[in-house]
Amino acid sequence: MKKILLQIVFFLSATIAMAQTDIQFSILKAEADGVSASVTNALDLKLRQVFDRNGAGAADLYNVFAIEPTISVEKIISTKDGVVLDVPIAQGELVLIAKNIIDGAEYYSTSIELEGESLGSKDKAMKSMIKGIKVTDPAYKQFINTARKKIEEYYSTNCAFILQKAKALYNQQRYKEAISYLSAATANIPCYDQAYALQEQILAKLGTKPDTVIVEKVVEKPVVVEKVVEKPVVVEKVVEKPVVVEKIVEKPVPAEAPAAPKCEITISMNDLEFRILSCKGEPTQRRITIKAEYVNQNVNIANGDISLDVVIDDNGKELPRENKAVIANGSSYEWISMPARVNLKHDFYIVNYDHPIETISYMKLKVRNGYVEIRNLKVDW
């Protein structure tokens, strides 16, 4: 079981790492009127060779980035072969479209001219053109590089949509497709932290569901039980008369809960409750921990975002992303379950600050689909 789990984690971790290197593409079968299955199979095989040769072929069935090809014959021309025979030549084009099979986005397309002998049927002409495709043709390498660049640009400018779609795949338990969909989220896009945190959460979800169960065989061994014969023993019974003693029991008085720190809180949603429980500074760890409690009152929402978006210290300085965290590993974003009408607790952290902050002038948090603004929160050192 451990071996299988390690294989799953290794494969999916490699998929995440792909976001830092190269995007891979699956090849879709060409679909066009009048094109036979033998032609589409020949084109599929040739394009797989091209993309594998250029390090861009994807073997994973759950890969979401794909190439949609279309082949067509434009015209037939005649040329002289030697001095006697006219050899008909088919001229056509191959159109390649880089797209996403999940959301239908088309990132980039190109048209490549093809040529082959046209002896006999149209199928033979197309197969001749396909046979003439060279896997080392620089046009294909240029197409792959440009398509990858266009995908990165698309992810950068459509960050919110990408996260929304990935979360939808996660909620549908289509975990491997969600991992592949997020694989193009590189570190230079605005929502990289959220995408990375969601990828880690999906990996954790998959890691708790092994594919196989090991059943151990139980062999029963006979156990010899010795029979013990007890002999009666006469015991003199002594009866003691109980003495009533009055005992005074003091009822403990519960200690009062520490008062919540004073601050001003503004919540953007009417169906969301939020309050601060404490705000304590830890000088040895250079960390401030803000403990909060919230209630999701919307029964139609079962999970959502937790993020620490803005922090302004007592000098009026906005802290950078690396000083903010909502989980122990330092990420400023987390996607969690939020069952309705349940008191939920979450900790927010300010880490590696450059001076002890006496009062947090302003904080902006995202909880579920709403925003919480906190002003003048005093830090207890």
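Residues numbered from 1 in each chain as written. Predicted model: local features only at pLDDT ≥ 70, side-chain atom pairs only at ≥ 80, totals over all residues. Heavy atoms only, no water.

## Topic: the overall build of the protein
Helix and strand counts for the protein come out as 7 helices and 13 strands. Burial analysis of the protein (381 residues in total) assigns 38% to the buried set. Look at the contacts in the protein between residues 6 or more apart in sequence, and 68% of them connect residues 24 or more apart. With an accessible surface of roughly 23,600 Å², the protein has 53% of that area assigned to carbon and sulfur atoms. (Helix = DSSP H or I, 4+ residues; strand = E, 2+ residues; numbered from the N terminus. Buried < 20%, exposed > 50% of the residue type's maximum accessible area, 1.4 Å probe, protein only. Contact = heavy atoms within 4.5 Å. Areas by Shrake-Rupley, 256 points an atom, 1.4 Å probe, with all protein chains shown as cover.)

## Notes on the state of the cysteines
Taken as a whole, this structure holds 1 disulfide when the rule is applied. Put simply, Cys 159 and Cys 191 are joined by a disulfide, and their sulfur atoms are 1.9 Å apart. With the S-S bond torsion at -90°, the cross-link from Cys 159 to Cys 191 turns out left-handed. Taken together, the positions of Cys 159 in helix 5 (residues 159-171) and Cys 191 in the loop between helix 6 (175-182) and helix 7 (192-207) put the pair 32 residues apart, joining distant regions of the chain. You'll find Cys 159 and Cys 191 in the same group, each marked buried. No disulfide involves Cys 263; its sulfur sits 8.6 Å from that of Cys 279, the nearest cysteine. Residue classification places Cys 279 among the buried residues on the basis of a relative accessible area of 3%. (Disulfide = S-S within 2.5 Å.)

## What about the environment of Gln 172?
Following the sequence through the fold, Gln 172 ends up in the loop between helix 5 and helix 6. For Gln 172, a relative accessible area of 47% puts it in the partly exposed group. Separated by 2.9 Å, the side chains of Gln 172 and Arg 174 make a polar contact. (Polar contact = N/O pair within 3.5 Å; in protein donor to acceptor, adjacent residues only side chain to side chain.)

## What to know about the nonpolar core
Counting residues in hydrophobic clusters, the biggest one holds 59 residues, and the most contacted among them are Phe 25, Phe 51, Phe 65, Ile 71, Leu 94, Tyr 155 and Ile 202. Among the elements that line this core, the one with the most residues is helix 7, at 7 residues. Dropping the residues within four chain positions of it, Tyr 155 is found in contact with Phe 65, Asn 100, Tyr 107, Ile 162, Tyr 181, Ala 184, Ala 185 and Ile 189. In this structure, Ile 276, Ile 290, Leu 308 and Leu 344 belong to the second largest nonpolar core, which totals 29 residues. (Core = buried A, V, L, I, M, F, W, Y, C linked by side-chain atoms within 4.5 Å.)

## Some details on the sheet that holds strand 9 (residues 324-325)
Strand order in this open sheet of 4 strands is 6-7-11-9, and the pairing throughout is antiparallel. On the outer flanks of this sheet lie strand 6 (272-282) and strand 9, each paired with one strand and no other. Bridge count for strand 6 against strand 7 (residues 287-296) is 10 bridges, and the pairing is antiparallel. The residue bridging Glu 273 from the neighbouring strand is Val 295, located in strand 7. (Pairing = 2+ DSSP bridges.)

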